[in-house]
Each structure stands twice: as C-alpha cells, then as structure tokens.
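Observations on chain architecture
If you want the building blocks of each chain, they are given just below.
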Amino acid sequence: MEFIDTHAHLYLDNFKDDIQDVCQRAKQNNISRIYLPNIDTETISQMLALETKFPDLLYPMMGLHPSSVRDNYEKELEKIEEYLQGRTFSAIGETGMDLYWDQSYKKEQKNAFEKQLNWAKELNLPLVIHSREAFDEIFRIITHNNDNKLKGIFHSFSGSYEQAEHIINLGFKIGINGIVTFKNSGLADVVKKIDIKHLVIETDSPFLAPVPKRGKRNESSYIPYIAKKIAEIKNISIEDVAKITTINALNLFK
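Residues numbered from 1 in each chain as written. Predicted model: local features only at pLDDT ≥ 70, side-chain atom pairs only at ≥ 80, totals over all residues. Heavy atoms only, no water.

Moving on, we come to the pattern of salt bridges. Under the criterion given, the structure shown has seven salt bridges. For Arg25, the salt bridge goes to Asp18, with nearest N and O atoms at 3.7 Å. Given a relative accessible area of 29%, Arg25 falls into the partly exposed group. Through salt bridges that share partners, Asp18, Arg25, Arg217 and Glu219 make up one connected network. (Salt bridge = Lys/Arg side-chain N within 4 Å of Asp/Glu carboxyl O. Buried < 20%, exposed > 50% of the residue type's maximum accessible area, 1.4 Å probe, protein only.)

Written as structure tokens, this is what we have:
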C-alpha cells in the first residue's frame, strides 16, 4: 500500500526540531512521496535544502502564495521565475487567490495568479491552487486562459458539490485533507458524490490535522487517517483509496 501527500509545508519552522523523525514516520506509514508547495522567496532556500536531505521522498514546487502577494509581488515573481528557468520543479504552486482575510490586494492576486497560470502552460506543469473564498474569480481566470492543457489541483477543498463539479469540468483534481474528518465541515457529503478518480490526498502540514489528531501539528504520516475516512465515505477499502489516489497523483505530477 502506497500513499502520496500532494501538499505539505514540511520546511516551515514547525518541523525544524524533528524533521528527520517526521520524514521517517511518513515512510513508516507508506507515504512514498511528499510534494512541497512554495510560499514566497523567503521560503525557497529552506525548501530546497530540505529536498537535498530527502531527495527520494520530497518533491518541491515553485510559486507565490496569494497571501504573500503585496506591492512588491512583481519582484517576487521575477525571482521565482529565475528558479523555474534554472531547474525542474514538480508543479507551479502554491498559487491562486485568497479573499478571506483581506481583499485589498485582489487585483494584484489576480495578476499574480494569471502570470503563474501561464508559466504552468509554458512549462507543461500542474498548477496547485489555493482558492479560499475565491472560487468564482479563479474559475473565470482559468476559463479565460484555458487551452485544454491546463491541469492541477484545487488544494484543501472545502467547497460545495457544484464547485467540485466545476473543478472537474475544468480538468483539475480535488485535494482532500483533514477537513473531511471534521464532523461539521459538510465535506464528507460532497466527497460521497464525487468519483474517486478526481481526488488526491494531502495534509497541508502543519495545518488542518485530521481527527483524531485535530488541534495538533499536522504531518504527512497522518495521511492514512484521511484515507480511512474517504474509504468509509465511499464504502471501499483503504487499499483501494491508496491505489487510486496514488495513481491520480502520479499521473498528474508525472
């Protein structure tokens, strides 16, 4: 049985004291690959340094998180583009839009997302999308720019079934994490209606730890809790969840 964690920020300071143990626990729990989304230029060096320590386990992406989009976002994108030109990454991300906390940089977020979307097209890479309170804006941008080659993940999905359908129709996968185990999230009802061929699993570590670890620091070794919940919802075995979601992730990230 093999799992893939398609989204984890293991390079953050939350893991600085025990990252060796965190990665070892992931392997012990059958996590074969962990994909690392970048945040901004401040996180690149520690992300790449971590990759060199665990090259058979960790696979970095490159992008600018919408919450890091500020007045200097164009300079941030220039530096990020230099990295993209210098080596191969697994995906463009984490990008997208976040209008939950602050909408003062909405225009800049749109511009930054569209720029990164075009990188994904040019480099034939998946796009890993953060979409908090911004589905409609993101749908419009993707639809306007889609050439039927765009692919990727709407990560940490917590939307409606109608939004999930829209994502699937755009040709994207849906990233399911610990939220699906939260009693009042409503996500289990949505996942029940979605064919598992459209799903990938993630932790979004160190955030959103699944039940029974909720409230603690999340880590990749908790992936089986998420898979177990999906298996219960779908009335299939956890082995089937592992097999199908792993194939989904490998086909996407190549």
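So much for the structure itself; the text now carries on.
It is worth spelling out unusual backbone geometry at this point. Phi is mostly negative for residues that are not glycine, and the peptide bonds are mostly trans. The step from Gly93 to Glu94 runs through a cis peptide bond, and the omega angle for that step is 10°. Examined against the element boundaries, Glu94 turns out to sit in strand β4 (residues 92-98). Following Ser205, the chain continues into Pro206 via a peptide bond in cis, with omega recorded as 10°. Here Pro206 shows up in the loop between β8 (199-201) and α8 (223-234). Within the chain, Glu133 stands out as a residue other than glycine whose phi angle is a positive 55°. Within the fold, Glu133 resides in the loop between β5 (127-132) and α5 (135-145). When its relative accessible area of 56% is taken as the criterion, Glu133 is described as exposed. The residue Ser156 is not glycine, and still its phi comes out positive at about 50°. Mapped onto the elements, Ser156 comes out in the loop between β6 (152-154) and α6 (161-169). (Helix = DSSP H or I, 4+ residues; strand = E, 2+ residues; numbered from the N terminus.)

Quick look at the environment of Gln109 now. Among the structural elements, Gln109 can be located in helix α4 (residues 106-123). Those residues in contact with Gln109 that lie beyond four places of it in its chain are Pro66, Val69, Gly96, Met97, Asp98, Leu99 and Asp102. A polar side-chain atom of Gln109 sits 2.7 Å from the main-chain amide nitrogen of Asp98. (Contact = heavy atoms within 4.5 Å. Polar contact = N/O pair within 3.5 Å; in protein donor to acceptor, adjacent residues only side chain to side chain.)

Strand order in this open sheet of three strands is β1-β2-β3, and the pairing throughout is parallel. Here the strands that pair on one side only, and so sit at the sheet edges, are β1 (3-5) and β3 (58-60). On average, adjacent strands in this sheet sit at an angle of 20° to one another, irrespective of strand direction. Across three bridges, strand β2 (residues 31-36) lies against β3 in parallel orientation. Looking at β3, one finds that Tyr35 is bridged to Tyr59. Set on the sheet, helix α9 (residues 238-253) makes contact with β1 and β2; between it and β1 the angle comes to about 55°. (Pairing = 2+ DSSP bridges. Axes fitted to C-alpha atoms, helices over the stretch in contact; angles between N-to-C directions.)

Moving on, we get to the pairing of β5. Successive side chains on a regular strand alternate, one facing one side of the sheet and the next facing the other. Taken across its six residues, β5 has five buried, putting it largely inside the fold. The sheet contact formed by β4 and β5 spans five bridges and is parallel. Residue Thr95 lies in a different strand from β5, and its bridge partner there is Ile129. Traced from β4 through α4 to β5, the parallel crossover comes out right-handed. Strand direction decides the pairing type here: β5 and β6, joined by three bridges, are parallel. Looking across to β6, one finds that Val128 is bridged to Ile153. Remark: the β5/α5/β6 crossover connection has right-handed handedness. (Right-handed = clockwise from strand over helix to strand, strands pointing away.)

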